[in-house]
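Structural features, examined
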Amino acid sequence: MTDDDLLPMPDFDPKATRRAVRRGLTRTAITVLAALVVLILAATAGSSLIQQRGDRELRMTDVLGTAFKIYNPGYDIEVRDWGATTPLSMSFTVAVRPMRAVGGFVGGYGGVEHVVTQDFFGHVGRLPLGSYANTTLSTALVNVGTGNQPKQDSRKVLARLPEGLNALAVVEFAKPLTTEELVAFTARYKSYAEKVVYERRPRSIPITWGGMTMWDRAPMPENEAGEDRWIEPDEAIKLDLANFRRWVGILKDYDDDNLHDFDLSLARLRKVAKDGLAYAYVDSLATIGELRKIIEDPLVQAVRVADVTYDLERP
């Protein structure tokens, strides 16, 4: 091949060269960004799959959601098990409303929402409410076992209130009752033990279980048609204790670290679940007139009224 056979060298075009360089850089940037997006999506999906492996997501709401309810006995709490999974955490939402006497007004229908988070390693994040939630009911529960507001003081409070008012009250016993004794006591006064206090822990929130504190996944009794049936008050007390014991039974030793963040411990939970003794109970359906009768029972140490409201429909 001679020099005459070679194609002539084109003149150098700076503009064309710059365009070619820009095209090359753009293609390279697009390729790198696409690879990064794929890696991020793969990492996110992989992290989500790791965090959701087995029943980890469901167990998070079973353990942490229920512990959050025990941590805040002064509230009605709905655990919403729809949550968000990020590469570094899982979370669920709770809707909370302060417990009130039946018939009372509670602002914010559906409750105020809070988020409870568990990180990639299974540790619970900073918790809302808890020791900062000084509701009137929480204060009454903290006073169980302190000797504050003895019978004579309870009588004075009840005497100042109209007997027709509905009340939210904590009935404390002079000595703890067995389940059978609690059933007999509430039946005698037609009282409703919405929540039962299973330990005496003066000046601290005691372990309290029942009502909307019930383990969300606990099975409900069914009728012959397989439908949820009405639960009588005496049966509800026994069922709640059985559900409490069943929930404590799913807890593992490695849960203890998270439980301490809820002001709980495995040792305390296992002890009170085994003992099953009622130190007090919460009634949101009683009237002041009914509480005046209850305070005179020799089994009762104190009656602490946490809220009252007048039921306009009561005859």
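See the structure above.
What counts, and where the lines are drawn
- Residues numbered from 1 in each chain as written.
- Predicted model: local features only at pLDDT ≥ 70, side-chain atom pairs only at ≥ 80, totals over all residues.
- Heavy atoms only, no water.
- Buried < 20%, exposed > 50% of the residue type's maximum accessible area, 1.4 Å probe, protein only.
- Helix = DSSP H or I, 4+ residues; strand = E, 2+ residues; numbered from the N terminus.
- Arc of directions from axis to C-beta.
- Contact = heavy atoms within 4.5 Å.
- Patch = residues over 30% accessible without salt bridge, like charges linked within 9 Å, V, L, I, M, F, W, Y side chains within 5 Å.
- Areas by Shrake-Rupley, 256 points an atom, 1.4 Å probe, with all protein chains shown as cover.
- Salt bridge = Lys/Arg side-chain N within 4 Å of Asp/Glu carboxyl O.
- Lys, Arg positive; Asp, Glu negative; His and termini not counted.
- Charge placed at Lys NZ, Arg CZ, Asp CG, Glu CD.
- Pairing = 2+ DSSP bridges.
- Axes fitted to C-alpha atoms, helices over the stretch in contact; angles between N-to-C directions.
- Core = buried A, V, L, I, M, F, W, Y, C linked by side-chain atoms within 4.5 Å.
- Polar contact = N/O pair within 3.5 Å; in protein donor to acceptor, adjacent residues only side chain to side chain.

Looking now at helix 4 (residues 151–159). Of the residues making up helix 4, those classed as buried are Lys-151, Ser-154 and Leu-158. Down the axis of helix 4, the smallest arc covering the buried residues is 60 degrees, so these residues share one side. In helix 4, those exposed residues whose orientation departs by more than 90 degrees from the buried face are Lys-156 and Ala-159. Contact partners of the buried residues in helix 4: helix 9 (288–294) and strand 9 (300–309).

Moving on, we get to a positive patch on the surface. Judged by side-chain charge, Arg-19, Arg-22, Arg-23 and Arg-27 come together as a positively charged surface patch. Structurally, the position occupied by Arg-23 is in helix 1 (residues 14–51). By relative accessible area, which is 46% here, Arg-23 ends up partly exposed.

As a further point, take unusual backbone geometry. Even without glycine at this site, Gln-149 takes up a positive phi of about 50 degrees. In this structure, Gln-149 sits in the loop between helix 3 (136–142) and helix 4. Judged by relative accessible area, which is 25%, Gln-149 ranks as partly exposed. With a phi close to 65 degrees, Arg-203 is a non-glycine residue in the positive phi region. Here Arg-203 shows up in the loop between strand 6 (195–197) and strand 7 (208–209). Relative accessible area serves as the criterion here: at 59%, Arg-203 is assigned to the exposed category.

All right, on to the sheet that holds strand 5 (residues 166–177) then. If you walk across this open sheet you meet the five strands as 7-6-8-5-9, and the pairing is antiparallel. Both outer strands of the open sheet, strand 7 and strand 9, are each paired with one neighbouring strand and no more. Helix 5 (residues 179–189) contacts strand 5, strand 6, strand 8 (278–283) and strand 9 of the sheet and is inclined by roughly 140 degrees relative to strand 5.

With that settled, consider the nonpolar core. Counting 55 residues, the largest nonpolar core has Phe-68, Phe-244, Phe-262, Leu-269 and Leu-291 as the members making the most contacts within it. Looking at this core, the element that brings in the most residues is helix 2 (residues 56–71), giving seven residues. If you look at the next biggest cluster of nonpolar residues, it comprises 12 residues, including Met-99, Ala-101, Val-144 and Val-282.

Right, let's get into the side chain of Asp-283. Looking at the element boundaries, Asp-283 is found in strand 8. A relative accessible area of 1% means that Asp-283 is categorised as buried. There is a polar contact of 3.0 Å between the side chain of Asp-283 and the backbone nitrogen of Tyr-192. Engagement of the side chain of Asp-283 in a polar contact is seen with the backbone nitrogen of Leu-285, the distance being 2.7 Å.

This part is about the environment of Leu-64. In this fold, Leu-64 is placed in helix 2. For Leu-64, a relative accessible area of 3% translates into the label buried. Expressed as a C-alpha distance, the spacing of Leu-64 and Asn-258, which sit 194 residues apart in the sequence, is 8.0 Å. Excluding residues that lie within four positions of it along the chain, Leu-64 makes contacts with Arg-59, Phe-92, Gln-118, Val-124, Asn-258 and Phe-262.

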